[in-house]
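Spelled out from the first residue to the last, the chains are:
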Amino acid sequence: HSHHALMYLTALKVWKTSPIIGTGYKSFMQECAELSKKDNLTTCSTHVHNYHLQILQTTGILGFIFISLFI
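Read on for a plain summary of the structure. Note that this is a predicted model, so its numbers are computed, not measured.

Quick notes on the state of the cysteines
And then number 1: Tallying each qualifying case throughout the model produces 1 disulfide.
And then number 2: Here Cys-32 engages in a disulfide with Cys-44; their sulfurs sit 1.9 Å apart. What sets the handedness of the Cys-32 and Cys-44 disulfide is the S-S torsion sign, and at about -90° it is left-handed. Linking Cys-32 in helix H2 (residues 28-38) with Cys-44 in the loop between H2 and helix H3 (51-70), this pair joins segments that are 12 residues apart in sequence.

Below is the structure:
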C-alpha cells in the first residue's frame, strides 16, 4: 500500500463514523488519532489530500451532494 492509498482508506473509515453529516471542518487529525488507537492500518495527517474525500469526510453525504449540485 502506498502512503496516499492508506490515507484514502483512513478517510473513508473516519467518514463511516458519521456518514450523513460528516465529522466537521478541521477534524480529520483528531478523528484519525482516535481511529489509529483501534486500527493499525491508518495513516494520519492534517487533511486527506483528496478534494472529494475531504468534502465527504467533513460535510458528510448531505454536504457532498449539495456542493456537487452547486458546482
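Digging into the packing of helix H1 (residues 3-15) against H2
And then number 1: Interhelical geometry of H1 versus H2 gives an angle of 90° and a closest axis separation of 10 Å. When the axis of H1 is compared with that of H2, the two are roughly perpendicular. When H1 is examined against H2, the residues Met-7, Thr-10, Ala-11, Lys-13 and Val-14 are found in contact with a partner set consisting of Phe-28, Glu-31, Cys-32 and Leu-35.
And then number 2: Taken together, the residues that form the contact of H1 with H2 break down as 6 nonpolar, 1 polar and 2 charged.

Definitions and limits used
Residues numbered from 1 in each chain as written. Predicted model: local features only at pLDDT ≥ 70, side-chain atom pairs only at ≥ 80, totals over all residues. Heavy atoms only, no water. Disulfide = S-S within 2.5 Å. Helix = DSSP H or I, 4+ residues; strand = E, 2+ residues; numbered from the N terminus. Axes fitted to C-alpha atoms, helices over the stretch in contact; angles between N-to-C directions. Parallel < 35°, antiparallel > 145°, perpendicular 65-115°, else oblique. Contact = heavy atoms within 4.5 Å. Nonpolar A, V, L, I, M, F, W, Y, C, P; charged D, E, K, R; others polar.

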